[in-house]
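If you want the building blocks of each chain, they are given just below.
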Amino acid sequence: MTDVKLLKSSGAPIHDRAVGFCSDVNYLPFAAFAANQIAELHPDRDFDIFIASNEDLPQIPVLQAHGVRLLQVDMGTRFAGLRLDARRTEAVYLRLALPALLSAEYQRILYLDSDIFCARAGIGALLQADMDGTAIAAVRDNIQWRTPERRPEQYRRFGWPGGPYFNSGVTMIDTAQFRDSDLEARCIAFGREKKGILVGHDQTLLNCVLRGDWAEMSPRWNWQFTWASALYALTEDARIFHFIGPRKPWQCHDGVFPGFISRAFREFLEGHFPDRNPAPLPKTPLQDRRKLLKSLGKHMVSQRKMEAYLARFPDDMILQRPS
């Protein structure tokens, strides 16, 4: 197996911590949107921002203005033999290679999926938070917010008992701990051995290998946006919205997403990627009474459980072991 190599970088590292994305050319507009948001929210930031890809990404003026690094990576055959599906190539596993690839440059990397909306600052402080000796800090997956005892489907398939399970769309990585614990190689070996019964990709591998040995972040850092918790995202002052599932605010205009989010995507795409034909401005939830009532009802039913979950995180900068 050949290892992952850094082929090209648009600039040198400045800080020892970074926010990083993995993206192909097709998803670059949305990674660029998020990177631009983070740069504007942190004008005096003490961390780098980079976008890594196995493709040669084009230079985008707005990213150049913010000093965002573009990294082209040769993945070799490092991730050959892992589970894929009709929509994904081996590039889905690129984030697993970031710690080894960049550990000489960065002590910490906050990895972010490209389908996010960064609403508030504070990433610099998060990158300094105590991770209690763990390689990974993340937010519990949405399926366990209101029912933490719910057993993930992958654990069910293995006959494992339930346990804490995180969403990898916002993942803080201690690069030395990740490297020294050989986590990348352990994930690859597990993925090849269990390929036939896996239900996911990198998120599944990390959870199955770590089995609860990670630090839990407040859900405000990865608010997995669904119609059942959309209002709580606003009332609880979420820092990062994560648009899980196939519905995205740049292509969906049926009133699921708040207008300010859809408008922000539309304005950015029109200004920097006009060929992407952003979706028309959406309806608001008030224009669909049925959806509004359904959403309000779900919020009311889950109120006590959500209150108990959020009460565990009085400070967004303090991490804890999942229980």
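Structure's up top.
So, here's what we can say about the structure. Fair warning: this is a prediction, and the values are worked out from it, not measured in the lab. Residue numbers restart at each chain and count upward from 1, following the sequence in its written direction. Only residues with pLDDT of 70 or above have their local features reported here, since the model is predicted, and side-chain atom pairs are shown and tallied only from 80 upward, although totals for entire chains, interfaces and linings are computed over all residues. Here the side-chain values reflect all heavy atoms present in the structure, with hydrogen atoms and water set aside.

## Examining unusual backbone geometry
Applicable threshold: Per the convention used, a helix needs a DSSP run of H or I reaching at least four residues, while a strand needs a run of E reaching at least two, with both numbered from the N terminus. Relative accessibility decides the category of a residue: with a 1.4 Å probe and only protein chains considered, values under 20% of the type maximum give buried, values over 50% give exposed, and everything between is partly exposed.
Unlike most non-glycine residues, Asp182 shows phi in positive territory, near 55°. One can find Asp182 in the loop between helix H6 (175-180) and helix H7 (183-193). Given a relative accessible area of 45%, Asp182 falls into the partly exposed group. Positioned with a positive phi, Asp237 is a non-glycine residue whose angle comes to about 60°. Tracing the chain through its elements places Asp237 in the loop between helix H9 (230-235) and strand E11 (240-242).

## Re the pairing of strand E4 (residues 69-74)
We apply this condition: Two strands pair under a simple rule: DSSP has to find at least two bridges between them.
Counting buried positions along E4 gives five out of six residues, so the element sits mostly inside the fold. Relative to E4, strand E1 (residues 5-9) is paired through four bridges, and the arrangement is antiparallel. Note on E4: the bridge partner recorded for Leu6 is Val73. The pairing of strand E3 (residues 48-53) with E4 spans four bridges and is parallel. From the neighbouring strand, Ala52 faces E4, where its bridge partner is Leu71.

## Overview of the packing of aromatic side chains
The test is simple: What counts as a ring pair is set by centres within 6.5 Å for rings of Phe, Tyr and Trp (its six-membered ring), and what kind of pair is set by the plane angle: stacked under 30 degrees, edge-to-face over 60, tilted for all other angles. Throughout this description, the term charge over a ring refers to an Arg CZ or Lys NZ atom that lies within 6 Å of the ring centre and within 35 degrees of the ring normal.
Evaluation of the coordinates by the stated rule reveals 28 aromatic pairs. The interplanar angle of 20° and the centroid separation of 6.1 Å between the aromatic rings of Phe79 and Tyr93 together place this pair among those described as stacked. Pair noted here: Phe79 is in the loop between E4 and helix H3 (94-102) and Tyr93 is in the loop between E4 and H3, with a separation of 14 residues, a long-range link. Residue Phe79 is classed as buried on the basis of its relative accessible area, which comes to 1%. Since its relative accessible area comes to 1%, Tyr93 is described here as buried. A cation over a ring is seen here: Arg211 above Tyr155, with NZ or CZ 5.4 Å from the ring centre. The ring of Trp160 carries the charged tip of Arg211 above its face, separated from the ring centre by 3.8 Å.

## Re the layout of surface pockets
For clarity, the threshold we go by: Using a 1 Å grid laid over the protein atoms alone, points where a 1.4 Å probe fits but cannot get out form a cavity; open sets with protein on both sides within 12 Å along at least 5 of 7 lines form a pocket; any residue with an atom within 4 Å of a point counts as lining. Grid points are joined across faces, edges and corners, and a volume is the space filled by probe spheres set on the points. Here the term charged refers only to Asp, Glu, Lys and Arg, the term nonpolar to Ala, Val, Leu, Ile, Met, Phe, Trp, Tyr, Cys and Pro, and the term polar to all other amino acids, Gly among them.
The volume enclosed by the largest pocket comes to roughly 1,500 Å³. Among the secondary structure elements, those contributing two or more residues to the lining of the largest pocket are H3, strand E8 (166-174) and helix H8 (202-210). Grouping the amino acids of the lining of the largest pocket by side-chain chemistry returns 11 nonpolar, 20 polar and 12 charged.

## Here's the deal with the environment of Arg321
Applied cut-off: We call two residues in contact when some of their heavy atoms are within 4.5 Å. In the analysis that follows, any N or O atom pair within 3.5 Å is treated as a polar contact, provided that within protein one partner can donate a hydrogen and the other can accept it, and provided that, for residues neighboring in sequence, both atoms belong to side chains.
Relative to the elements of secondary structure, Arg321 occurs in the segment after helix H11 (289-310). What makes Arg321 partly exposed here is its relative accessible area of 37%. Apart from residues lying up to four places away in sequence, Arg321 is in contact with Asp132, Thr134, Asp213, Trp214 and Arg312. A distance of 3.1 Å separates polar atoms of two side chains, one belonging to Arg321 and the other to Asp132. There is a polar contact of 2.9 Å between the side chain of Arg321 and the side chain of Asp213.

## Focus: the side chain of Asn142
The residue Asn142 is located in the loop between strand E7 (136-140) and helix H5 (153-158) in this model. Judged by its relative accessible area of 12%, Asn142 falls in the buried class. Setting aside chain neighbours within four positions, we find Asn142 in contact with Gln224, Thr226, Ser229 and Ile244.

## Let's talk about the packing of H7 against H8
The test is simple: In this analysis, axes come from line fits to C-alpha atoms, helices being fitted only over the stretch in contact, and the angle between any two N-to-C directions falls in the range 0 to 180 degrees. Throughout, the term roughly parallel applies to angles under 35 degrees, roughly antiparallel to angles over 145, roughly perpendicular to angles from 65 to 115, and oblique to all others.
Between H7 and H8, the least distance of the axes is 9 Å, while the angle of their chain directions is 105°. Taken together, H7 and H8 sit at an angle that is classed as roughly perpendicular. Touching Leu183, Arg186, Cys187, Phe190 and Gly191 of H7 are Leu205, Leu206, Cys208, Val209 and Leu210, all from H8. Residues belonging to the contact of H7 with H8 are distributed by class as follows: eight nonpolar, one polar and one charged.

## Overview of the pairing of strand E5 (residues 108-112)
In terms of burial, E5 is a largely internal element, five of the five residues being buried. Residues Arg108, Leu110 and Leu112 of E5 are buried on one face, and the alternating residues Ile109 and Tyr111, pointing to the opposite face, are buried as well. Bridge analysis of strand E2 (residues 17-22) against E5 gives four bridges, and the strand direction is parallel. When the bridges of E5 are listed, Arg17 appears paired with Arg108. As judged from the five bridges shared by E5 and E8, these two strands associate in the antiparallel manner. Paired with Leu110 across the bridge in E8 is Met172.

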